[in-house]
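Here's the letter readout for the chains.
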Amino acid sequence: MTTRRSLLLATPAILAAGTVRAQAPLEVKVSLAAPFDGSNAAFFLAEERGWFREAGLRCSFDSSGGSGEAVTRVGSGTYEFGIGDINVLLEFNARNPASAARCVYMVYYHSPLSAASFPRAGINTARDLAGKRIGAALTDGAFRIFPAFAATAGIDASTVRWQYGDLRLREAFLMRGDVDAILGFDSTMYFGLVRAGARPEDIRFQYFADSGLPLYGNGILASKRMLETNPEAVRRFTAAAARGWQAAAADPVAAIAALRRREPLTDVALETEKLRWLITKQMTTEESRADGMGGVRADRFATSVATVSRAFGLTAPIAPGDVFDPSFLPSMDIRRLPA
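Numbering of residues starts from 1 in every chain and runs along the sequence as written. For a predicted model such as this one, the threshold for reporting local features is a pLDDT of at least 70, and the threshold for listing and counting side-chain atom pairs is 80 or more; totals across whole chains, interfaces and linings nevertheless cover every residue. Side-chain numbers here rest on the full set of heavy atoms in the structure, without hydrogens or water.

1. Quick word on the pattern of salt bridges
Turning to step 1, where the next piece is worked out: Whenever Lys or Arg places a side-chain nitrogen within 4 Å of a carboxyl oxygen from Asp or Glu, that contact is recorded as a salt bridge. Taken as a whole, this structure holds 20 salt bridges when the rule is applied.
Turning to step 2, where the next piece is worked out: One salt-bridge network, held together by shared partners, links Asp-37, Arg-195, Glu-271 and Lys-274.

Structural data, given as structure tokens:
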């Protein structure tokens, strides 16, 4: 027979078990916008240093075929978080307002979206892409944004001859001469081409942002469900990821070491150089130096939203607040770039 004393003695154990259950980490899925490489090493560094665990989260990270896939995953609610191009998110939200996700932390202040080519193609300006054979991945952000780029750069997009393939095959198309140019992130294409044997001095870029698109790039995305049902988890995830990006900027070698422990086939030298490229060319600008990482400047972002919306021919109006939500930004001490 259970006595009052036995119940009293059992109470601490029952309470302890309840505490463990209450403190069990929240399982979340995170979609990257690329394979496991230097561009997402910051997440693995944050994971390795226990910052997601401290935030009460257990994250599973999955690679993807590009920003288009990452945005769709988060927008559909299949994934709670992701990283992807904010301009792709803009289009998704405009066309799917009932399931609109939000960017909660900006990472790339200069958009890496571009077309890469070799001198033999004769592509010296953006307009020279008209009539060319271009390789792209249907799920990649650069392909999704190309209509906006073409409209602002004066390219007759109807003359482009497309060759589609997996994101990982894109550089092979250009190396074999199957296409005249390929679309993607500058760093991904550059290091993919160098790995395939291209001479660095032969690689040319036409940046979307240089043709009248004041674009931001990749940011951290949160699903509508998470924003509505667990905003505190969104806040904690964003802060932990921000610590990862700040630490990666301070010590790229440590970030790539964390990546290699997750992906043993990592080319350490190449991925370290790629991460340094991203830090120098995409993350570090006059704006991010002055304001810290994570936020956007209202005037620049409003112009970007209006320009991209017009170029996409979006009929449903979309406001900057329908795409970026600054209320989840962490404290400035983990948003400052290393000196």
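From this point, things continue past the structure.
2. Considerations on the sheet that holds strand β2 (residues 57-62)
Turning to step 1, where the next piece is worked out: Strand order in the open sheet formed by five strands is β2-β1-β3-β10-β4, with mixed pairing between adjacent strands. Two strands bound the open sheet, and with one partner strand each, they are β2 and β4 (102-106). Across the sheet, the mean angle from the axis of one strand to that of its neighbour is 30 degrees, orientation sign disregarded.
Turning to step 2, where the next piece is worked out: If DSSP finds at least two bridges between two strands, the strands pair. Numbering of helices and strands runs from the N terminus, with a helix taken as a DSSP run of H or I at least four residues long and a strand as a DSSP run of E at least two residues long. Pairing between β4 and strand β10 (residues 218-222): four bridges, direction antiparallel. Each bridged residue has a counterpart across the sheet, and for Tyr-105 the counterpart in β10 is Ile-220. As a rule, the C-alpha atoms of each element are fitted with a line to give its axis, helices using only the stretch in contact, and angles between N-to-C directions run from 0 to 180 degrees.

3. Here we look at the pairing of strand β3 (residues 81-85)
Turning to step 1, where the next piece is worked out: Taking burial as the measure, the five residues of β3 include five buried ones, the bulk of the element.
Turning to step 2, where the next piece is worked out: With two bridges joining them, strand β1 (residues 26-31) and β3 adopt parallel strand pairing. For Ser-31, the partnering residue across the bridge sits in β3 and is Gly-82. The buried label goes to any residue with under 20% of its type's maximum accessible area, the exposed label to any with over 50%, and the partly exposed label to all in between, with areas taken from a 1.4 Å probe on protein chains only.

4. Observations regarding the sheet that holds strand β6 (residues 133-136)
Turning to step 1, where the next piece is worked out: The sheet built from five strands is open, its strands ordered β7-β6-β8-β5-β9 with mixed pairing. Bordering the open sheet on either side are β7 (161-164) and β9 (204-207), each of which pairs with just one other strand. Along the sheet, successive strands turn relative to each other by an average axial angle of 30 degrees, direction set aside.
Turning to step 2, where the next piece is worked out: Examined bridge by bridge, strand β5 (residues 113-117) and β9 share four bridges and lie antiparallel to one another. Its bridge partner lying in β9, Ser-117 is registered against Arg-204.

5. Considering the side chain of Ser-117
Turning to step 1, where the next piece is worked out: Among the secondary structure elements, Ser-117 is positioned in strand β5.
Turning to step 2, where the next piece is worked out: For Ser-117, a relative accessible area of 2% corresponds to the buried category.
Turning to step 3, where the next piece is worked out: Aside from chain neighbours lying at most four places away, what touches Ser-117 is Ile-123, Leu-174, Asp-180, Ala-181, Asp-202, Ile-203 and Arg-204. Any two residues whose heavy atoms approach within 4.5 Å are treated as being in contact.

6. Looking at helix α6 (residues 141-153)
Turning to step 1, where the next piece is worked out: In a regular helix each residue adds 1.5 Å, so 13 residues correspond to 18 Å; α6 covers 17 Å between its end C-alpha atoms and thus fits that length.
Turning to step 2, where the next piece is worked out: Values of bend correspond, residue by residue, to the angle between axes fitted over the seven residues ending at that residue and the seven starting there. Along α6, the sharpest change in direction is near 40 degrees and occurs at Pro-147.
Turning to step 3, where the next piece is worked out: For α6, every residue scored as buried is listed here: Gly-141, Ala-142, Phe-143, Ile-145, Phe-146, Ala-148, Phe-149, Ala-150 and Ala-153.
Turning to step 4, where the next piece is worked out: Of the residues one or two after α6, Gly-154 is the one with positive phi, at around 80 degrees. A helix is expected to span 1.5 Å multiplied by its residue count minus one.

7. A short note on helix α10 (residues 231-250)
Turning to step 1, where the next piece is worked out: Counted at 1.5 Å a residue, the expected span for α10 with its 20 residues is 28 Å, and the 29 Å between its end C-alpha atoms agrees.
Turning to step 2, where the next piece is worked out: Along α10, the residues that are buried comprise Ala-233, Val-234, Phe-237, Thr-238, Ala-240, Ala-241, Ala-242, Gly-244, Trp-245, Ala-247, Ala-248 and Ala-249.

8. Structural notes on the packing of helix α8 (residues 186-195) against helix α12 (residues 268-283)
Turning to step 1, where the next piece is worked out: Two elements in contact, α8 and α12, have axes whose closest approach is 10 Å; the angle formed by their N-to-C orientations is 150 degrees. Of the possible angle classes, the one that applies to α8 and α12 is roughly antiparallel. As α8 packs across α12, the resulting crossing turns out to be right-handed. Contacts between α8 and α12 involve Asp-186, Ser-187, Tyr-190, Phe-191 and Arg-195 from the former and Leu-270, Glu-271, Glu-273, Lys-274, Trp-277, Leu-278, Lys-281 and Gln-282 from the latter. Any angle between 65 and 115 degrees counts as roughly perpendicular, while under 35 counts as roughly parallel, over 145 as roughly antiparallel, and the rest as oblique. Put simply, a crossing is left-handed when the front helix is turned counterclockwise from the back one by less than a right angle, and right-handed when it is turned clockwise.

9. Comments concerning the pairing of β6
Turning to step 1, where the next piece is worked out: Relative to β7, β6 is paired through four bridges, and the arrangement is parallel. In the strand pairing of β7, Gly-135 is matched with Gln-163.
Turning to step 2, where the next piece is worked out: Orient the strands so they point away from the viewer, and a crossover whose first-strand-to-second-strand path over the helix runs clockwise is right-handed. Once you follow β6 into α6 and on to β7, the crossover reads as right-handed.
Turning to step 3, where the next piece is worked out: Here two bridges tie β6 to strand β8 (residues 181-185), and the two strands are oriented parallel to one another. Following the sheet pairing, Ile-134 is matched in β8 by Ala-181.

10. Structural notes on the packing of aromatic side chains
Turning to step 1, where the next piece is worked out: Working definition: a ring pair exists when centres of Phe, Tyr or Trp rings (six-membered ring for Trp) sit within 6.5 Å. Plane angles under 30 degrees give stacked, over 60 give edge-to-face, the rest tilted. Taken as a whole and assessed by the stated rule, the structure comprises 22 aromatic pairs.
Turning to step 2, where the next piece is worked out: Ring centres 4.8 Å apart and planes at 35 degrees place the aromatic pair Tyr-190 and Trp-277 in the tilted group. Pair noted here: Tyr-190 is in helix α8 and Trp-277 is in helix α12, with a separation of 87 residues, a long-range link.
Turning to step 3, where the next piece is worked out: Between Tyr-216 and Phe-301, the ring centres sit 6.1 Å apart and the planes meet at 65 degrees, which makes this aromatic pair edge-to-face. Here the residue Tyr-216 occupies a position in the loop between β9 and β10, and Phe-301 occupies one in helix α14 (residues 298-312), the gap between them amounting to 85 residues.
Turning to step 4, where the next piece is worked out: The exposure class of Tyr-216 is buried, given its relative accessible area of 0%.
Turning to step 5, where the next piece is worked out: A relative accessible area of 4% places Phe-301 in the buried class.
Turning to step 6, where the next piece is worked out: Taken together, the aromatic side chains of Phe-36, Phe-43, Phe-44, Phe-52, Phe-61, Phe-81, Phe-237 and Trp-245 make up a single cluster linked through ring pairs.
Turning to step 7, where the next piece is worked out: Against the face of Tyr-79 rests Lys-29, its NZ or CZ located 4.3 Å from the ring centre. Whether a charge lies above a ring is judged from NZ of Lys or CZ of Arg, which has to be within 6 Å of the ring centre and within 35 degrees of the ring normal.

Purely geometric numbers; function is a separate question.
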